[in-house]
Amino acid sequence: MWLQRAIRLQPRPRGFHLVTREVLEGLPELRELRVGMLHLLLQHTSASLTLNENASPDVRRDFETWFDRAVPKAALLGPSLTLPVTQGRPALGTWQGIYLCEHRDHGGARSVVATAWGNAS
């Protein structure tokens, strides 16, 4: 099975935003994959994607504080993630989540091209 879809993420202010649920809701067919891969490409240069802890809001605050001081652009973070899929979901760790890192004060809606492939049930 191969699947590709553009997912539009809602506009967000500068910061680090957990978007795991929004990405998965935009790709309901992923539930059909028993084993496979999911590649996410953010089609913007003023934002990025990362995988990190999703349990504590302190993580987002730490991200923002450090990046605002050290790197005011997306230079250290990339536009894509490649994740394994197991039983219809990304095989993330217990406390992991997909983050949109918005590097503009008002970046607007963001587009992610999601490509999934693997063995369906």
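Since the structure is predicted, the reported quantities are computational estimates derived from the model, not experimental observations.

Basis of the calculations
- Residues numbered from 1 in each chain as written.
- Predicted model: local features only at pLDDT ≥ 70, side-chain atom pairs only at ≥ 80, totals over all residues.
- Heavy atoms only, no water.
- Helix = DSSP H or I, 4+ residues; strand = E, 2+ residues; numbered from the N terminus.
- Rg over C-alpha atoms; globule rule 2.2 N^0.38 Å.
- Phe/Tyr/Trp six-rings, centres within 6.5 Å; stacked < 30°, edge-to-face > 60°.
- Buried < 20%, exposed > 50% of the residue type's maximum accessible area, 1.4 Å probe, protein only.

1. Focus: the overall build of the chain
Part 1: For the chain, the count of helices and strands is two helices and eight strands.
Part 2: Each helix and strand of the chain, ordered N terminal to C terminal, gives the series β-β-α-β-β-α-β-β-β-β.
Part 3: Radius of gyration (C-alpha) of the chain: 14 Å, near the 14 Å computed for a compact globule of 121 residues.
Part 4: Expressed as lengths along the three principal axes of its C-alpha atoms, the size of the chain is roughly 45 × 25 × 20 Å.

2. Let's talk about the packing of aromatic side chains
Part 1: Within this structure, the stated rule accounts for five aromatic pairs.
Part 2: Between F16 and F67, the ring centres sit 5.4 Å apart and the planes meet at 45°, which makes this aromatic pair tilted. Here F67 lies in helix α2 (residues 57-70) and F16 lies in strand β2 (residues 13-18), a separation of 51 residues in the sequence. In this structure, F16 and F67 share a single accessibility class: buried.
Part 3: A centroid spacing of 5.0 Å and a plane angle of 80° characterise the contact between W66 and F67, whose relative ring orientation is edge-to-face.
Part 4: In this structure F67 comes out as buried when scored by relative accessible area, which is 10%.
Part 5: Members of the aromatic cluster, joined through ring pairs, are F16, F63, W66, F67 and Y99.

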